[in-house]
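# Structural overview
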Amino acid sequence: MTTNRKVVLAARPEGLPTLDCFGTEEEQLGEPAEGQALVEVQHISIDAWISTTLGARDGHHGSVPIGGTLPALGVGRVIRSAAPELAAGDEVFGPMGSQSHLLAPAAMFQKLDVSQIPARSHLGVLGLTTGMTAYVGMITVGGLRDTDTVVVSAAAGATGSVASEIGRIGGAKVIGIAGGPDKVRYLEDELGIAAGIDYKNEDIGARLNELAPDGVNLFFDNVGGTILDTVLDRIAPQARVVICGAISQYGHMNDIAGPKLYLRLAERNATMRGFTVDYWSDAHAQAREDLSRWLKEDKFHIREHVVEGIERFPEALLMLFSGHIGKLMVAP
Ligand SMILES: NC(=O)c1ccc[n+]([C@@H]2O[C@H](COP(=O)([O-])OP(=O)(O)OC[C@H]3O[C@@H](n4cnc5c(N)ncnc54)[C@H](OP(=O)(O)O)[C@@H]3O)[C@@H](O)[C@H]2O)c1
């Protein structure tokens with residue numbers, strides 16, 4: 001028998017989640033049946049979308065039942081397998097959930113080649129919900145050009161860090177918006193983008209007027225709300241506004257504030273387009289190839305923040321709203 005420790009939803013949050021919304025449970029897992037594998041989870045990706053599953057509303061990513069294990073992507077190592085495609089010791093990616101171990105059909109997992117790129121990079125720079133999302137948003141949907149002035153919101157988070165770095169690698173002038181002076185230093189000194197704006201202490205509009213006097217050509221928005229309006233007011237003619245997410249709205253999914261200044265799109269012949277990374281599956285192979293090459297060439301400087309212990313999964317999830325830098329993961 002293998003002991004699985006898992007984090008479950010104890011109560012639905014009212015507004016943003018709090019620690020008392022979660023509980024930890026243990027269960028015993030048996031041996032794999034035919035076609036199954038027993039996997040020890042090594043790193044779990046802490047993603048903003050997980051927080052959208054905590055309410056009763058069945059949104060894009062579904063709704064977790066009370067007592068249910070929270071959904072999460074992760075990487076792990078096969079302990080035992082009763083499926084021909086996986087063997088003990090294989091490293092795999094899959095929908096691990098907020099737990100230390102799982103017994104599941106082998107078909108749920110994707111075997112990883114870790115000879116040159118470590119498994120956890122498949123959650124960060126190569127992660128579907130991080131690097132691949134940033135690539136699809138910036139390049140496939142956003143049509144990044146080296147002449148662009150680009151703005152990225154939640155720029156010091158996971159998706160925002162990779163989006164900012166893709167912009168820099170692509171030769172654009174990148175301005176990142178993030179909360180606090182430490183994050184601005186990270187954006188400018190570590191990621192090497194043109195400038196950071198601290199939305200908690202600075203006037204975003206005034207700073208954008210200085211930094212982007214000819215307007216913003218590409219806006220990669222993770223935040224929504226007032227930040228979206230502030231940038232919409234400063235878009236250049238034929239700008240592209242790409243809606244990746246709206247984390248400022250995730251505490252009240254039934255009452256999302258829409259943009260007030262959307263008429264700037266008409267006035268400036270601009271487009272605003274949302275996307276989900278899974279829809280753009282035709283672009284994934286090219287995205288993986290380019291991201292892997294840039295990773296091997298050491299072009300990424302995104303920080304990784306690993307929280308130790310599965311019981312700290314809720315604490316890590318709340319950090320998405322209170323502040324962390326780079327890619328957040330839990331090591332169970
Ligand atoms: N479209 C897709 O397919 C797709 C896929 C993956 C992710 N996403 C979206 O990408 C965004 C980033 O997700 P992630 O998982 O990479 O998380 P993340 O950026 O690592 O963490 C979220 C960040 O949001 C910022 N934030 C939180 N509340 C905020 C508020 N009220 N106003 C302004 N900033 C706020 C925080 O940074 P500060 O300290 O700077 O506030 C935090 O670092 C989310 O909107 C998510 O839904 C979309």
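Each value, and the rule that gives it
Residues numbered from 1 in each chain as written. Predicted model: local features only at pLDDT ≥ 70, side-chain atom pairs only at ≥ 80, totals over all residues. Heavy atoms only, no water. Near = heavy atom within 4 Å. Polar contact = N/O pair within 3.5 Å; in protein donor to acceptor, adjacent residues only side chain to side chain. Areas by Shrake-Rupley, 256 points an atom, 1.4 Å probe, with all protein chains shown as cover. Nonpolar A, V, L, I, M, F, W, Y, C, P; charged D, E, K, R; others polar. Domains from an automatic or database assignment. Helix = DSSP H or I, 4+ residues; strand = E, 2+ residues; numbered from the N terminus. Buried < 20%, exposed > 50% of the residue type's maximum accessible area, 1.4 Å probe, protein only. Pairing = 2+ DSSP bridges. Axes fitted to C-alpha atoms, helices over the stretch in contact; angles between N-to-C directions. Parallel < 35°, antiparallel > 145°, perpendicular 65-115°, else oblique. Contact = heavy atoms within 4.5 Å. Buried area = accessible area lost by both parts, 1.4 Å probe. Salt bridge = Lys/Arg side-chain N within 4 Å of Asp/Glu carboxyl O.

This brings us to the site of the ligand. Around the ligand sit 25 residues in total, of which Thr-159, Gly-179, Lys-183, Tyr-199 and Tyr-250 are the nearest. One of the backbone nitrogen or oxygen atoms of Ala-158 is found 2.8 Å away from an oxygen atom of the ligand. Residue Tyr-199 places a side-chain N or O atom 2.5 Å away from an oxygen atom belonging to the ligand. Surface burial for the ligand is 90%, taken as the share of its 910 Å² of free accessible area covered by protein chains. In terms of residue class, the shell around the ligand is made up of 13 nonpolar, 10 polar and 2 charged. If you count residues domain by domain, the shell around the ligand takes at least three from each of domain 1 (2-124 + 303-331) and domain 2 (131-279).

This part takes up unusual backbone geometry. Backbone phi values are negative for most residues with the exception of glycine, while trans is the configuration of most peptide bonds. With phi around 50 degrees, Asn-269 is a residue other than glycine that occupies positive phi space. Inspection of the secondary structure puts Asn-269 in the loop between helix H7 (263-267) and strand E13 (271-274). Owing to a relative accessible area of 59%, Asn-269 belongs among the exposed residues under this scheme.

Our focus in this paragraph is the pairing of strand E5 (residues 91-94). Burial along E5 is two-sided: Glu-91 and Phe-93 and Val-92 and Gly-94, pointing in opposite directions, are all buried. Two strands pair when backbone bridges link them, and strand E4 (residues 74-81) and E5 are joined in this way by 4 bridges, in the antiparallel orientation. Looking at E5, one finds that Arg-77 is bridged to Glu-91. By the bridge criterion, 2 bridges tie E5 to strand E7 (residues 110-111) in an arrangement that is antiparallel.

It is worth spelling out the packing of helix H2 (residues 131-141) against helix H8 (residues 284-296) at this point. H8 packs onto H2 with a crossing angle of 110 degrees between their chain directions and a minimal axis gap of 10 Å. The angle between the axes of H2 and H8 places the two elements in the roughly perpendicular class. Here Gly-131, Met-132, Tyr-135, Val-136 and Ile-139 of H2 lie close against H8, whose contacting residues are His-284, Gln-286, Ala-287, Arg-288, Asp-290, Leu-291 and Trp-294. For the contact of H2 with H8, the per-class residue count stands at 7 nonpolar, 3 polar and 2 charged.

A few words on the side chain of Gln-99. Here Gln-99 shows up in the loop between E5 and strand E6 (101-105). A polar contact is formed between the side chain of Gln-99 and the side chain of Asn-4, at a distance of 3.0 Å. Of the polar contacts made by the side chain of Gln-99, one reaches the backbone oxygen of Met-96; its length is 2.7 Å. Excluding residues that lie within four positions of it along the chain, Gln-99 makes contacts with Asn-4, Arg-5, Lys-6, Glu-27, Val-41, Ile-44, Thr-69, Ile-310 and Pro-332.

Further remarks concern the sheet that holds strand E12 (residues 235-243). The strands that make up a sheet pair up through hydrogen bonds in the backbone, lying either parallel or antiparallel. Pairing within the open sheet is parallel, and its 6 strands lie in the order E10-E9-E8-E11-E12-E13. Each edge of the sheet is formed by a strand with only one pairing partner; in this case those strands are strand E10 (195-198) and E13. Pairwise comparison of adjacent strand axes, ignoring direction, gives a mean angle of 15 degrees for this sheet. Where strand E11 (residues 216-221) and E12 come together, 5 bridges link them in parallel fashion.

This part is about the domain arrangement of the protein chain. Here the domain parsing of the protein chain yields domain 1 (2-124 + 303-331) and domain 2 (131-279). Across the contact, 16 residues belong to domain 1 and 16 residues belong to domain 2. Between domain 1 and domain 2 lies a buried interface of about 1300 Å² when both sides are counted; carbon and sulfur atoms form 60% of it. Contact with domain 2 buries area across many residues of domain 1, yet Arg-57, Arg-303 and Ile-325 alone supply 33% of it, more than any other trio. Where domain 1 meets domain 2, there are 1 salt bridge. In this structure, Glu-190 and Arg-303 form a salt bridge, with 2.6 Å as the shortest nitrogen-oxygen distance. Applying the counting criterion to the domain 1 and domain 2 interface returns 6 residue pairs in polar contact (both at pLDDT 80 or more). Where the side of domain 1 that touches domain 2 is concerned, the elements lending two or more residues are helix H1 (48-51) and helix H9 (313-322).

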